[in-house]
Amino acid sequence: AAGGLATALGALRPGQLPAAGAEPRVASGSASAAVVGVAVASLGAATTRRRKQRERKSKVRVLATKAIDSELEPPPALNLSEDDPSAFTLGILGDLHLDPRDTEHSFEGREHMKKALEGSVRPFVVSLGDLGESKDCNETKQLFSGTTECFKMAREFLDGFGVKFDVVGGNHDLEGIDEFGTDEQNLEAYLHHLGKESPQFAHVVAEKVLIVGLGSTAFRTAKYTSHEVSIDKKQLEWFENVIREHPDEEGWQVFCFSHAPIIGSALRVLQECHVVNGCCWLNHCDAVDSKRFINAVRNNPCIKGWFSGHFHLSHDYQDSITFPGGNNRGSCVFAQTGCMTSRSSRDGRRHSRLLRGNSEGFEICTVDHSKGGKVRLDATITYSDQCEVDPDSDLMDDAPRACSTMVYAHKHEDFDHDKWFQAYVPQEDDGCCIVNPDGTLNDTDDIDFTNPDQVCWWHMKDGAVLGVHNGMIIEYDATTLAPLGMVVSRDELMDRRVAVIDDQWGGSALVLYNDGDNDVTVVQPNEDGSYWRKVVRNKMHRMREMRRMSAAKKWMKGIRNIDEDPKVLSSYGPYTTTAGQVMGLSTRAINPKA
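Computed from a predicted model, the values in this text were never measured in an experiment.

J.: Explanation requested: the sheet that holds strand β4 (residues 201-206) in the structure shown.
T.: Spatial ordering of the open sheet is given by β4-β5-β6-β7-β9-β8, a layout of 6 strands whose pairing is mixed. Unpaired on one side and paired on the other, β4 and β8 (321-322) mark the two borders of the sheet. Across 4 bridges, the pairing between strand β7 (residues 303-308) and strand β9 (residues 333-336) is parallel. Looking at the pairing, F307 lines up with A335 of β9. Lying on the sheet, helix α6 (residues 233-244) is in contact with β4, β5 (209-214), β6 (253-258) and β7; it crosses β5 at an angle near 170°. Sheet contacts for helix α8 (residues 289-299): β5, β7 and β9; angle to β7, the most-contacted strand, approximately 150°.

Okay, structure coming up:
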């Protein structure tokens, strides 16, 4: 019974899903796990009819999204039955950040989800990673996340759901830097204790329904911030192959899961946290590989949904779910997943996701842990033989391209707030879209780049898209217009004029200057051609540096026999300069917190 699903459905050929064909984890003695293959044995004529219906629908290929918030009646609830082999139910858990000192909300949230899954059709649980709290939770002077004890606690917690489950790794799950010397050793322990064969997974949870997960594999080896969620090239190639082997034309529905969202998803993000720190999107700092996920979505209408966590935001925002359309998001619905515990939630709300569906469509729900586990219907997505395109929509140009998907976004009173700042995406009608910028951009008093409400953007000759938003200059991805990172900070932009000038070599240069003096600052692009500042360094190195500073402080107090803390400076490298030789450079120490 524990291995009933994939075997009974017989949809995955041996070797078709390399390194991820292992059965999902099942709690010992799980009664619900035995239910998985029951409906599959009696397929009969009804199954054949449903399969033909799905295949017929997939041939109607018009991307016709209706994000309905008008007077129209909501669609009827999906009828999910054990007799329908395509029916499924998924419980989706955001950042758990389990802390052995504080478990009340975690266990309460588990009971809420168990109740929501009780009696459901083919239940399955997916954890989106960040299993443990990134603090010293057990007085070892080490971070708890990424340790053996953390993995054991997470396994016991997930076993407690009593249904099959699987996990994708987050940015904190390889953080056991004192217990494990390498990412590979840490990953091996993570896989062992969670019962996984690989960081990724693929499971058929119902007939023609595939769930695919991608897990982070780098922490110590991260080139920049360790909190970038990194999907390695081998895993990414595996993902692209799996998607190709489950085409929409054959009636497949694919739902994807990752800790961080993908670039182009247009989900609400935190500009002053994940965007400026370069850890917002999957493979954020890789200009090439970061786009491969959205390209897969655009080219494969079988991908119906993509769920992510990472931001610690609840579902009480209109853009916690984004629908097909916009800047070409294929046929996919993207959904943010919140946290069970108030300790981990940025806005105090405690949410998990519930996904339920069949061959006719799916429903995305919120399990509200602050309201006793109440299940709230957020969106209904149905597949249709009919293709309806709103003539006022920006999707008309894409109309001949992909399959019809009808979306109904349910309104809720919980949306009546705007507590968290939404990251800006440039629009053609912003009113300050500067075409062919030449000279000073803010040369009049009515264009104040230090005003947080001022929005302005332009293209550089090298193809980079830059814009002013929230008092900073931000770089945007040229293909999705998703924010990439900060180019000029608020303090640097204060009282400055911004100009784009000819660099006299066929390109353009971004410069800053003041009205009161003759100094000018050239905002140099990075060596890879990007502009946004990759200033957040690998966490492992930063932690070790802070430990050395702490040791130096303690040592100096000892040899001087003093009570007051001495001033501790650090000397760093490498040094960024236009000099061609080392002699003449200063290695003077600085205050790293200044």
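J.: Where do I start with the environment of S550 in this structure?
T.: Positionally, S550 belongs in helix α10 (residues 539-560). A relative accessible area of 46% means that S550 is categorised as partly exposed. Taking the C-alpha atoms as reference points, S550 and V568, 18 residues apart in sequence, are found 8.6 Å from one another.

J.: Explain the pattern of salt bridges to me, please; I cannot follow it from the model alone.
T.: Should their charged atoms come close, side chains of opposite charge can pair. For the coordinates displayed, the defined rule picks out 24 salt bridges. Across the pair D159 and R155 runs a salt bridge, and its minimum N-O distance is 3.2 Å. Separated by 4 residues within a single helix, D159 and R155 lie in helix α4 (residues 148-159), roughly one turn from each other. The partly exposed category is assigned to D159, whose relative accessible area is 24%. Residues joined by salt bridges that share partners form a network here, namely D316, R349, R353, R376 and D378.

J.: Quick question: what am I supposed to make of the pairing of strand β22 (residues 520-523) here?
T.: Every regular strand shows the same layout, with side chains that alternate between the two sheet faces. Note: strand β21 (residues 508-513) against β22, 4 bridges, orientation antiparallel. Paired with L512 across the bridge in β22 is T521. Where β21 hands over to β22, the hairpin turn is made up of 6 residues, counted between the paired strands.

J.: What's the story with α8 in this structure? I'm lost.
T.: Three or four residues apart is the spacing at which side chains of an α-helix point the same way, because the helix has 3.6 residues per turn. In terms of residue burial, α8 counts as a mostly covered element, since 9 of its 11 residues are buried. Contacts made by the buried residues of α8 are with β5, α6, β7 and β9.

J.: Would you mind going over the state of the cysteines with me for this structure?
T.: Disulfide: a covalent bond formed between the sulfur atoms of two cysteine residues. Scanning the model with the defined rule gives 0 disulfides in all. Its sulfur unpaired, C285 is 8.3 Å from the next cysteine sulfur, which belongs to C279. A relative accessible area of 17% means that C285 is categorised as buried.

J.: How do you make sense of the packing of aromatic side chains when you look at a structure like this?
T.: Aromatic ring pairs are described here by two measures, namely the spacing of the ring centres and the angle between the planes. Counting across every chain of the model gives 12 aromatic pairs. A centroid spacing of 5.0 Å and a plane angle of 90° characterise the contact between F255 and F362, whose relative ring orientation is edge-to-face. Taken together, the residues span a long stretch of sequence, with F255 in strand β6 and F362 in strand β11 (residues 361-368) at a distance of 107 residues. Residue classification places F255 among the buried residues on the basis of a relative accessible area of 0%. A connected cluster of aromatic rings, assembled from ring pairs, spans F88, F255, F362 and Y383. The side chain of K304 reaches across the aromatic face of Y383, ending 5.0 Å from its centre. Sitting over the face of the ring of W532, K534 holds its NZ or CZ atom 4.4 Å from the ring centroid.

J.: What is the right way to look at unusual backbone geometry in this model?
T.: Excluding glycine, a negative phi dihedral is what most residues carry, and trans is how most peptide bonds are arranged. We note that E139 has phi near 55°; this positive angle belongs to a residue other than glycine. Its identity as a non-glycine residue notwithstanding, H312 has a phi of 60°, on the positive side. Within the element layout of this structure, H312 appears in the loop between β7 and β8. Assessed through its relative accessible area of 13%, H312 is described here as buried.

J.: Whenever I open this one, the nonpolar core confuses me. Can you help?
T.: Soluble globular proteins tend to pack their nonpolar side chains together in the buried interior. Counting 35 residues, the largest nonpolar core has L93, L96, L131, L158, F161 and Y190 as its most contacted members. Mapped onto this core, the elements with two or more residues apiece are α3 (104-117), α4, β3 (164-167), α5 (183-194), β11 and α10. Among the elements that take part in this core, α4 stands out by supplying 6 residues, more than any other. Not counting residues within four places of it along the chain, the set of residues in contact with F161 comprises L93, R110, M113, K114, V125 and M340. Residues V269, L270, A464 and L466 belong to the second largest nonpolar core, which totals 32 residues.

Reading the values: rules and limits
Residues numbered from 1 in each chain as written. Predicted model: local features only at pLDDT ≥ 70, side-chain atom pairs only at ≥ 80, totals over all residues. Heavy atoms only, no water. Pairing = 2+ DSSP bridges. Helix = DSSP H or I, 4+ residues; strand = E, 2+ residues; numbered from the N terminus. Contact = heavy atoms within 4.5 Å. Axes fitted to C-alpha atoms, helices over the stretch in contact; angles between N-to-C directions. Buried < 20%, exposed > 50% of the residue type's maximum accessible area, 1.4 Å probe, protein only. Salt bridge = Lys/Arg side-chain N within 4 Å of Asp/Glu carboxyl O. Disulfide = S-S within 2.5 Å. Phe/Tyr/Trp six-rings, centres within 6.5 Å; stacked < 30°, edge-to-face > 60°. Lys NZ or Arg CZ within 6 Å of the ring centre and 35° of its normal. Core = buried A, V, L, I, M, F, W, Y, C linked by side-chain atoms within 4.5 Å.

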